[in-house]
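# Summary of the model geometry
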Amino acid sequence: MPGPKLPPPKLRVARPTDDIDALLPFYRDGLGLEVLYRFDGHGGFDGVMLGHPDAPYHLEFTRTEAHPAGRAPTQDNLLVFYLPDQQAWRAAVDRMEQAGFAAVPAFNPYWDAAGRTFEDADGYRVVLQNAAWSI
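Described in the following lines is the structure provided in the data block. In this text, all values refer to a predicted model and were calculated from it rather than measured experimentally.

For the rest of this paragraph, the subject is the overall build of the chain. Looking only at helices and strands, the chain features three helices and seven strands. Helices and strands appear in the chain in the N-to-C order β-α-β-β-β-β-α-α-β-β. With the C-alpha coordinates of the chain rotated into their principal frame, the extents come out at 50 × 40 × 25 Å. Counted over contacts in the chain with a minimum sequence separation of 6, partners at least 24 positions apart contribute 53%. Of the roughly 8,500 Å² that the chain leaves accessible, carbon and sulfur atoms contribute 57%.

Have a look at this one:
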């Protein structure tokens with residue numbers, strides 16, 4: 001017998017970087033995420049959390065001098081934002097371009113059919129997909 005239905009959890013996507021300040025223009029100015037919290041020297045780590053205050057997710061980037069993070073291991077490391085409304089999607093793509101970020105060809109051509117892929121300073125990629133979440 002199934003138990004009570006629980007509310008969906010909040011999601012934090014966390015990853016290391018060697019240069020938090022190099023990432024901020026991409027995620028803050030390009031994607032339009034807000035800096036929710038920033039910390040320095042917390043157990044040897046510096047970090048920043050970005051997102052929207054009411055969203056069920058946020059992104060965290062951390063750095064430590066003890067362990068270099070390096071670049072993304074592949075061009076297929078993706079965060080995908082589904083934006084089904086054509087105007088909202090176009091506005092998101094325009095905001096990225098106005099912030100100085102040009103779309104790159106997706107490693108998997110599926111994402112180019114209805115989306116645009118952008119690469120951050122560490123080589124990680126974000127897809128703005130003009131489609132509804134269908135699963």
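Here we have three strands laid out as an open sheet, ordered β5-β7-β6, and mixed in their pairing. The sheet terminates laterally at β5 (78-82) and β6 (115-119), the two strands that pair on one side only. The sheet shows a mean angle of 20 degrees between the axes of neighbouring strands, direction not considered. Running at roughly 25 degrees to β6, helix α2 (residues 86-98) makes contact with β6 and β7 (125-129) of the sheet.

Before going further, it helps to spend a moment on the layout of surface pockets. Estimates place the volume of the largest pocket at around 200 Å³. L11, V13, Y57, L59, L79, V80, F81, Y82 and W133 together form the lining of the largest pocket. Residue assignment for the lining of the largest pocket shows that the elements contributing at least two residues are β1 (11-16), β4 (57-63) and β5. Take the lining of the largest pocket: its biggest share by element is four residues, from β5. Tallied by class, the residues present in the lining of the largest pocket amount to nine nonpolar, no polar and no charged. Estimates place the volume of the second largest pocket at around 160 Å³. Looking at the second largest pocket, the residues that line it are L31, L33, H52, Y57, F81, L83, A88, A92, R95 and L128. Among the elements that line the lining of the second largest pocket, the one with the most residues is α2, at three residues. Its residues assigned to classes, the lining of the second largest pocket comprises eight nonpolar, one polar and one charged.

Turning our attention to the sheet that holds β1. The four strands are arranged β1-β4-β3-β2 in an open sheet whose pairing can be described as mixed. Because the sheet does not close on itself, it has two edges, and the strands there are β1 and β2 (34-42). The sheet shows a mean angle of 15 degrees between the axes of neighbouring strands, direction not considered. As paired strands, strand β3 (residues 45-51) and β4 are joined by six bridges and run antiparallel to one another.

About the criteria used
Residues numbered from 1 in each chain as written. Predicted model: local features only at pLDDT ≥ 70, side-chain atom pairs only at ≥ 80, totals over all residues. Heavy atoms only, no water. Helix = DSSP H or I, 4+ residues; strand = E, 2+ residues; numbered from the N terminus. Contact = heavy atoms within 4.5 Å. Areas by Shrake-Rupley, 256 points an atom, 1.4 Å probe, with all protein chains shown as cover. Pairing = 2+ DSSP bridges. Axes fitted to C-alpha atoms, helices over the stretch in contact; angles between N-to-C directions. 1 Å grid on protein atoms, 1.4 Å probe; cavity = no way out; pocket = protein on both sides within 12 Å on 5 of 7 lines; lining within 4 Å. Points joined across faces, edges and corners; volume = space filled by probe spheres on them. Nonpolar A, V, L, I, M, F, W, Y, C, P; charged D, E, K, R; others polar.

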